[in-house]
Every structure is written in structure tokens, then in C-alpha cells.
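Here is what each chain is made of, one letter per residue.
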Amino acid sequence: MSRYVLVRLANGLIVLWAALSLSFLVLHLVPGDPVSIMLRSGGGGDPVGVDAAQAAALRTELGLDRPLYEQYTDFVVRALSLDFGTSFGTGDEVSAMLARALPSTLELATASLLLTAVLGVAAALAATLAPWAPLRNAVLSTTVAGISLPSFWTAILLIQVFSFGLGWFPAYGDSDAARLVLPAIALALPSAGVLAQLLAKGLRTALAEPYVRTARAKGAGRLRTAWHHAFRNASIPALTMLGMMIGNILAGAIITETVFARAGIGRLTADAIADQDFPVIRAIIFLAGALYVLVNLAVDLIYPKVDPRIVLQAGATS
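Residues numbered from 1 in each chain as written. Predicted model: local features only at pLDDT ≥ 70, side-chain atom pairs only at ≥ 80, totals over all residues. Heavy atoms only, no water.

### Regarding the overall build of the chain
A count of helices and strands for the chain gives 12 helices and 2 strands. Reading the secondary structure of the chain in the N-to-C direction produces α-α-α-α-α-α-α-α-α-α-α-α-β-β. Expressed along its principal axes, the backbone C-alpha trace of the chain runs to roughly 85 × 55 × 30 Å. Counting across all 318 residues of the chain, residues that qualify as buried make up 40%. Summed over its atoms, the accessible surface of the chain is roughly 16700 Å², and 67% of this surface lies on carbon and sulfur atoms. Each charge sign in the chain was given a centre, from 22 positive and 20 negative side chains, and these centres are 23 Å apart. (Helix = DSSP H or I, 4+ residues; strand = E, 2+ residues; numbered from the N terminus. Buried < 20%, exposed > 50% of the residue type's maximum accessible area, 1.4 Å probe, protein only. Areas by Shrake-Rupley, 256 points an atom, 1.4 Å probe, with all protein chains shown as cover. Lys, Arg positive; Asp, Glu negative; His and termini not counted. Charge placed at Lys NZ, Arg CZ, Asp CG, Glu CD.)

### Points about helix α11 (residues 265–274)
Within α11, the full set of buried residues consists of Ile265, Gly266, Leu268, Thr269 and Ala272. Buried positions in α11, seen along its axis, are confined to an arc of 160° and lie on one side of it. (Arc of directions from axis to C-beta.)

### Focus on the UniProt feature "transmembrane region" (unreviewed entry) in the chain
UniProt's feature table lists "transmembrane region" (unreviewed entry) at residues 12–30, 108–132, 144–168, 180–200, 238–260 and 280–303, given in the numbering used throughout. The span residues 144–168 is 80% helix and 0% strand, and its two end C-alpha atoms sit 27 Å from each other. In the segment residues 280–303, helix accounts for 100% and strand for 0%; the C-alpha atoms at its two ends are 35 Å apart. (UniProt positions renumbered as here; feature names shortened; annotations may be inferred.)

### Considerations on the pattern of salt bridges
One side chain can pair with another of opposite charge once the charged atoms of both are near each other. Summed over all chains, the structure comprises 6 salt bridges. Here Arg100 makes a salt bridge to Asp92, at a shortest N to O gap of 3.6 Å. Look at Arg100 and you get exposed, because its relative accessible area is 54%. Judged by relative accessible area, Asp92 falls into the partly exposed class, the value being 35%. Measuring nitrogen to oxygen at the nearest pair gives 3.4 Å for the salt bridge that ties Asp176 to Arg179. (Salt bridge = Lys/Arg side-chain N within 4 Å of Asp/Glu carboxyl O.)

In C-alpha cells:
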């Protein structure tokens with residue numbers, strides 16, 4: 001087990017290095033000049049009134065006039081100590097900006113994941129065990145609708161109905177728990193739809209296995225059989241997908257936090273992209289990669305707990 005964890009951590013470091021390197025190269029290849037954006041005095045993104053000498057001085061101050069390999073080496077060395085430099089836009093330490101934004105996003109991501117698990121499991125059980133076939137099909141169709149609805153459209157609809165219409169929840173901000181409800185629902189619905197589809201298919205397959213028929217022959221009810229005998233086997237693919245959903249939730253947070261005016265990592269990402277704030281964007285990519293690696297490692301370690309037949313070995317899972 002310990003060798004497996006070490007190998008996975010080593011693979012995770014390679015993934016993080018690749019993410020850092022790609023983000024560095026891609027950000028230097030995209031059109032636009034962050035120095036011009038910082039110095040522009042006109043609107044519409046045009047570098048109106050930018051003095052060439054002033055731009056050259058700022059470029060030297062930020063280290064953007066150095067050869068690309070020097071910038072890359074300095075970036076990687078500093079990233080190893082979690083030093084991502086200062087923001088081009090605000091001049092603040094990037095690590096401090098992430099520390100301020102991260103709690104709000106973690107709060108939203110945790111609530112969204114919990115809601116995803118509850119809604120996904122409930123919908124899968126209803127789509128599998130409901131006594132009436134049209135009802136089962138209706139539940140499955142609802143999960144497809146949840147997958148297909150764009151998060152921004154769902155967010156706007158929730159605000160219109162539950163905030164402006166009924167007045168049940170605040171529409172904007174992140175100062176209390178009530179302001180977490182609508183963004184968590186908007187972010188959870190697509191993921192819950194995917195989870196419900198996977199679980200429902202796994203449950204139908206597992207319920208057709210001989211050991212389930214044996215349990216039913218011994219007098220176990222349909223719900224008890226599904227929950228105690230079939231659910232574990234059906235949950236392995238869903239568990240894998242749940243780990244991969246971390247990336248989707250972080251990506252969805254960019255839109256959701258912007259719509260609901262939450263000061264989290266998603267909104268910080270949107271602002272950094274608009275301003276071509278390279279240090280902030282690279283730090284967020286590193287953070288997302290690290291979370292993705294750690295969550296998927298945790299999912300791998302949970303596999304044997306869910307299904308004791310799974311044995312973790314370095315380089316393979318059998």
C-alpha cells in the first residue's frame with residue numbers, strides 16, 4: 001500500500017510539472033500584452049496613451065524582458081516553494097490572494113459535492129426501484145435534463161424564482177450560509193445528473209446478478225437488496241466519476257461565482273484571465289492540479305474499502 005501511494009504521488013508530481021509547464025508556455029503564446037493592459041488608459045482593451053519607455057521599464061520590473069527559459073526556470077523554482085510572485089494587476093502576493101479566495105470556493109465545492117452525492121444517489125435509487133416503469137423513465141429523463149442545462153442558465157433561473165420571486169434566499173454574496181444554497185444547487189445539478197445515470201446503470205446490472213436473486217429468494221426486500229447487496233458493486237464507476245468531478249466543479253465555479261458575486265477562486269480566475277494576470281492564472285492552475293491529484297489518490301485508497309476484492313498495486317489496480 002505504501003509503495004502504491006509513493007508511486008501515485010510521484011505520478012502526481014509529474015502531472016503538476018506538466019500542468020505548470022503547459023500553462024507557462026500557453027500563456028506566453030496567447031495574443032496580447034499584460035504590460036499594455038496594465039498601462040492602458042483608454043477603454044475597450046486598446047493600449048491608448050501607453051508610453052514606450054514606461055512600458056519597457058515595467059516589463060523589466062516584472063522580468064518579462066528576460067529570455068523565456070530564464071523566466072521558466074525562475075517560475076518552476078519559485079513554485080516549488082509555493083511562491084507564485086506578485087499579481088500583475090494588483091501588486092499583491094499571489095499566495096495571499098489565493099488564501100483569501102480559497103475558503104469561499106472550498107465552502108461552495110464541499111456543499112456542491114454533498115448535494116451531488118445526495119441527489120445522485122436518490123435519483124438513481126428512484127430510477128431503479130420505483131414500482132411504475134413510466135415513473136422510472138421520468139426520473140431518468142430528469143437527470144438528463146440536469147446534465148444538459150448550462151450552469152449559468154440554471155443559476156439565473158434559480159435567482160429569478162427563489163430570490164427575486166419567492167424571496168427565500170439572497171441572490172448575491174457569500175457572507176452567510178443562506179447565500180450558499182442557490183450557487184451550490186446550480187453547481188450540483190449537472191454533476192448529480194451524471195452520477196445518477198452511472199449509479200442507475202450499475203444498479204440495474206448488479207440487480208441482475210445471481211447473488212441478488214439468492215438474497216431475494218431468502219426473503220430480502222427490493223430496497224434492502226439494492227442498498228446492502230448491489231449498491232457497493234454499482235458505486236465503483238460512480239466513485240471514480242465523483243473524483244473526476246472536482247475538476248468540473250472548479251471549472252463551473254468560474255461561472256457560478258461570477259453570477260452570484262462570490263469572492264472565490266472562480267471569480268479570481270475570471271478577473272485574472274480578463275487582465276492577462278499570468279502569475280495568478282498559473283497559481284490557480286497549480287492549485288487545481290494539486291487538488292485533482294490528491295482527490296483522485298483519495299478515491300483510489302477508498303476503492304478497497306468499498307470492494308475488498310480490489311487490490312492496490314504499484315502501477316496497477318486489480
